[in-house]
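Close look at the chain arrangement
This is what each chain is made of:
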Amino acid sequence: MNTLNTPVHIKLWHREFWLMALSSLLLTMSVYLFIPVMPRWLMEVEHFSPVEAGRCMGVFGLGLYIFGALCSWLVQHYRRNKVCLWAIVAIIADLTVLLHLDNLQGLFADFTIIMVHRFLLGAAFGLAQMVLSSTLVLDTCESFQRTEANHSASWFARFALSLGPMAGLIVYQLFGMDGVVWGAMGCTFVAMLLVNMVNFPFRTPEEGTHVVSLDRFFLVHGSPLFLNLLLVTTVIGLLLSMPFEPLFYALMMSGFLLALLAQRFVFRDAELKSEIITGLTLLLAAIGILFVAPASPVAPIFVGLSAGIVGSRFLLFFIKLSRHCQRGTSQSTYFLGWETGLALGLCLGYSLFYQQPVTLLYTALGLTAASLVLYHFFTHQWFIRNKNR
């Protein structure tokens, strides 16, 4: 039977690893707080059109790539933890500008300024998270624990997809946009403190490192996996553009927890293909339920369960596909596929399908079916032929 499991090492969960995992959670939450809030604020307070709001959400995905090609050179020529810390400082500075714009009550919050803000936020977040996930997390563990470390730390960032929007909606209802921005700044500040609490020894820079390279940025031969993951997360982004209440995201969290249990007990020795096939089937079921019963608590649970199963399995596929010294590159490629899909889905959801839930759900259904067909008939066999671990 073709299986692929991740062992559990209790010794991995030491103080330094916990600090890195929690910093990843808080850093991601600081960005995901704005998923349901930013478009609402732009349209209701700043009087943007749905198309403009969608573009502001989508440009975040473009910003993720701006420093990617410099990532390897930066961590080789400067202290890697310092690169992450300065990127987090840039996030805080960018959020400070947003706070100022909100206080001006629309006087200077025009479309171009918000687009630049979102682009720079994506750039700073992309650099911070790529350094954190591809380098700092691995530096806190032994070499034989690295696959488990990547797998476990990624779950903390995944939890932010439910915790961030849920907290953002609650804070927005109670304190407005100011409260959300202050909450995001608080998350980034605590994340910065957690990274600073870990002592990372100085490492001599490798010779011959190019200023611009794909190292720690993008795994070119993993493009089919990237495309398949992009399709799935675009669907999730589309769904999250719908006007859900905090309860939806709370139920998503229960789906994530069920996905963790399923990985340990249901899929422990199952056929390798079954995990993603099951996850995508659950996503199809969730979309179908949203058609007939939008208020059903089952749909968000299925969305969380699907995202958890599919996301964690694709991450392991990227790791197993990477060659020697490409583990960090595989992490960044997975991160880019996940975040780009979410940004693209949010952009399309507001730009094309605002207040058109039926059309949105049909589109999500078609993209999920396409992702399932692509994985079943091409991506899985391609991965089996090309994996290196």
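Residues numbered from 1 in each chain as written. Predicted model: local features only at pLDDT ≥ 70, side-chain atom pairs only at ≥ 80, totals over all residues. Heavy atoms only, no water.

**Points about empty space enclosed by the protein**
Empty space among the atoms can be located by rolling a probe the size of a water molecule over them. With the rule as written, the count across this model stands at four cavities of 30 Å³ or more. The space that makes up the largest cavity amounts to roughly 250 Å³. Surrounding the largest cavity, 17 residues form its lining, Gln129, Ser154, Ala157, Tyr334 and Phe335 being those nearest its centre. Across the lining of the largest cavity, the residue classes tally to eight nonpolar, seven polar and two charged. (1 Å grid on protein atoms, 1.4 Å probe; cavity = no way out; pocket = protein on both sides within 12 Å on 5 of 7 lines; lining within 4 Å. Points joined across faces, edges and corners; volume = space filled by probe spheres on them. Nonpolar A, V, L, I, M, F, W, Y, C, P; charged D, E, K, R; others polar.)

**Overview of the side chain of Thr333**
Mapped onto the fold, Thr333 is located in helix α12 (residues 327-353). Residue classification places Thr333 among the buried positions, given a relative accessible area of 0%. Thr333 has contacts with Phe217, Phe218, Leu219, Phe226 and Phe318, leaving out every residue within four places of it along the chain. (Helix = DSSP H or I, 4+ residues; strand = E, 2+ residues; numbered from the N terminus. Buried < 20%, exposed > 50% of the residue type's maximum accessible area, 1.4 Å probe, protein only. Contact = heavy atoms within 4.5 Å.)

**Considerations on the packing of aromatic side chains**
To describe a pair of aromatic rings, one takes the distance between the centres and the angle between the planes. For the structure on display, the rule yields 24 aromatic pairs. Pairing Trp155 with Phe256 gives two aromatic rings, centres 6.4 Å apart and planes at 80°, and the pair type is edge-to-face. With Trp155 in helix α7 (residues 146-196) and Phe256 in helix α9 (residues 246-266), this residue pair connects regions lying 101 residues apart in the sequence. Here Trp155 matches Phe256 in class, with each residue buried. (Phe/Tyr/Trp six-rings, centres within 6.5 Å; stacked < 30°, edge-to-face > 60°.)

**Observations concerning the nonpolar core**
If you look at the biggest cluster of nonpolar residues, it comprises 135 residues, and the most contacted ones within it are Phe34, Leu161, Met177, Leu239, Leu240 and Phe314. The dominant element in this core, judged by the number of residues it contributes, is α7, at 20 residues. Not counting residues up to four positions away in its chain, the partners in contact with Leu239 are Phe244, Leu283, Ile287, Leu290, Val303, Leu360, Leu361 and Ala364. (Core = buried A, V, L, I, M, F, W, Y, C linked by side-chain atoms within 4.5 Å.)

**Quick look at the state of the cysteines**
For the structure shown, the criterion picks out zero disulfides. Between Cys71, a free cysteine, and Cys84, which holds the nearest cysteine sulfur, the sulfur-to-sulfur gap is 9.8 Å. Under the relative-accessibility criterion, Cys71 is labelled buried at 0%. Among the residues examined, Cys84 registers a relative accessible area of 0% and is labelled buried. (Disulfide = S-S within 2.5 Å.)

**A few points about the environment of Leu321**
Relative to the assigned elements, Leu321 resides in helix α11 (residues 298-321). Along the chain, Leu321 and Thr363 lie 42 residues apart, while their C-alpha atoms are 30 Å from each other. Dropping the residues within four chain positions of it, Leu321 is found in contact with Leu219, His221, Gly222, Leu225, Trp382, Phe383, Asn386, Lys387 and Asn388.

**Some details on the layout of surface pockets**
Taken as a whole, the largest pocket encloses approximately 520 Å³ of empty space. Around the largest pocket sit 22 residues that line it, and Glu206, Arg216, Cys325, Gln326 and Gly328 are the ones nearest its centre. Of all the secondary-structure elements, those providing two or more residues to the lining of the largest pocket are α4 (71-77), α6 (111-139) and α12. Considering each element in turn, the lining of the largest pocket owes the most residues, four residues, to α6. The class makeup of the residues in the lining of the largest pocket is two nonpolar, 11 polar and nine charged. Looking at the second largest pocket, its volume works out to about 340 Å³. Along the wall of the second largest pocket there are 18 residues; nearest its centre are Ser241, Met242, Pro243, Tyr350 and Tyr354. Elements represented by at least two residues in the lining of the second largest pocket include exactly α2 (38-44), α12 and α13 (357-386). At four residues, the largest contribution of residues to the lining of the second largest pocket is made by α2. A class-by-class count of the residues in the lining of the second largest pocket yields 12 nonpolar, four polar and two charged.

**A short note on helix α3 (residues 50-63)**
Between its first and last C-alpha, α3 extends 21 Å over 14 residues, near the 20 Å set by a 1.5 Å rise per residue. Looking only at α3, the buried set comprises Ala53, Gly54, Cys56, Met57, Gly58, Val59, Phe60, Gly61 and Gly63. Elements that come into contact with the buried residues of α3 comprise α1 (15-32), α2, α6 and α12. (Expected span 1.5 Å × (residues − 1).)

**What to know about the pattern of salt bridges**
In total, this model carries four salt bridges according to the counting rule given. In this structure, Glu16 and Arg15 form a salt bridge, with 3.5 Å as the shortest nitrogen-oxygen distance. Judged by its relative accessible area of 46%, Arg15 is partly exposed. We note a salt bridge from Asp139 to Arg80, for which the minimum N-O separation is 3.4 Å. Of this pair, Asp139 sits in helix α6 while Arg80 sits in helix α5 (residues 80-103); the two residues are 59 residues apart in sequence, bridging distant segments of the chain. Residue classification places Asp139 among the partly exposed residues on the basis of a relative accessible area of 24%. Here Arg80 falls in the buried class, since its relative accessible area comes to 11%. (Salt bridge = Lys/Arg side-chain N within 4 Å of Asp/Glu carboxyl O.)

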